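# Close look at the chain arrangement
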Amino acid sequence: MIQEHKGRFLDDMITRTGKSLSVFMNIIVPLNNEIRESYSEYIDLIPNDLAKTMVLDGVFLIESSRKVGNLVGTHPDDPIFKVTWIVPLLMRDILRIENQISFLFYKSCLKSLKPGTVSFNL
């Protein structure tokens, strides 16, 4: 269910930022080894497919967070924010984040979107 919305959120980010998919892919592809090392189990994906997965999942999380926080607008009929039963599915997807997406993606992607304005002090 959530998977079908990830592509739409990617399109939203591309439209909003003016950055192409290749910009996001170029951020992730060089991080292939670091991403793989951040997981405890073997990832059976070729580098380009892993990068696509990282971009799709990462952009979905970034865009959904921005939409929930009212940092960017949402479509009035967006089922993610209109239908209440989707929220638990979304939360389940987000709670599994440590199994899906490397923090390295967020750091690299956010830096590329707003150079010099993102802090990652933990």
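Description of the structure in this document. Once a new chain begins, its residue numbering starts again from 1 and follows that chain's sequence as written. Local features in a predicted model are, by the rule used here, given only for residues with pLDDT of at least 70; side-chain atom pairs are given and counted only at 80 or more, and totals for whole chains, interfaces and linings are based on all residues. Note: side-chain values were computed over all heavy atoms of the structure, leaving out hydrogens and water.

The helix and strand labels rest on DSSP assignments: H or I over at least four residues marks a helix, E over at least two residues marks a strand, and numbering proceeds from the N terminus. Secondary structure assignment for the protein yields eight helices and zero strands. Each helix and strand of the protein, ordered N terminal to C terminal, gives the series α-α-α-α-α-α-α-α. When a residue's accessible area, from a 1.4 Å probe over protein chains only, is under 20% of the maximum for its type it is buried; when over 50% it is exposed; and in between it is partly exposed. With 122 residues in all, the protein has 34% of them scored as buried. Contacts are assigned to residue pairs that have any heavy atoms within 4.5 Å of one another. A sequence separation of at least 24 residues applies to 67% of the contacts in the protein between residues at least 6 apart. Accessible area of the protein: about 7,500 Å², with a carbon and sulfur share of 57%. Using a 1.4 Å probe, accessible areas were evaluated by the Shrake-Rupley method; residue-level cover was limited to the displayed protein chains.

Quick look at the nonpolar core now. Nonpolar side chains tend toward joint burial in soluble globular proteins. Counting 20 residues, the largest nonpolar core has Ile28, Ile35, Met54, Val55 and Phe105 as the members making the most contacts within it. Secondary-structure elements contributing two or more residues to this core are α1 (3-17), α2 (21-28), α4 (47-68) and α8 (103-113). Joining through side-chain atoms within 4.5 Å is the link that ties buried Ala, Val, Leu, Ile, Met, Phe, Trp, Tyr and Cys residues into a set, and such a set is a nonpolar core. Ranked by size, the runner-up nonpolar core spans six residues in total, among them Phe9, Phe60, Ile80 and Ile86.

Note on helix geometry: an α-helix contains 3.6 residues per turn, so any two residues three or four positions apart are oriented the same way. Given the number of residues in a helix, its expected span is that number minus one, multiplied by 1.5 Å. With 22 residues, α4 should cover 32 Å at 1.5 Å per step; its first-to-last C-alpha distance of 31 Å lies within 8% of that length. Asn70, located one to two residues past α4, shows a positive phi value of around 60 degrees.

Right, let's get into the side chain of Ser64. Assignment of secondary structure puts Ser64 in helix α4. Polar contacts, as used here, are pairs of N or O atoms within 3.5 Å; protein pairs need one atom able to donate a hydrogen and one able to accept it. Residues neighboring in sequence count only if both atoms are side-chain atoms. For Ser64, the side chain forms a polar contact with the main-chain oxygen of Phe60, separated by 2.8 Å. When neighbours within four sequence positions are excluded, Ser64 is seen to be in contact with Phe9 and Phe81.

Quick look at the pattern of salt bridges now. Every case where a carboxyl oxygen of Asp or Glu lies within 4 Å of a side-chain nitrogen of Lys or Arg is listed as a salt bridge. Counted according to the given criterion, the structure contains four salt bridges. For Lys6, the salt bridge is made with Asp57, and the minimal N-O distance between the two is 2.7 Å. Taken together, the residues Lys6 in helix α1 and Asp57 in helix α4 connect sequence positions 51 residues apart. The two residues Lys6 and Asp57 agree in class, both being buried. Here Asp12 and Lys67 are joined by a salt bridge, their closest N and O atoms 2.7 Å apart. Here Asp12, found in helix α1, pairs with Lys67, found in helix α4; they are 55 residues apart in sequence, far enough to count as distant. Like Lys67, Asp12 is buried.

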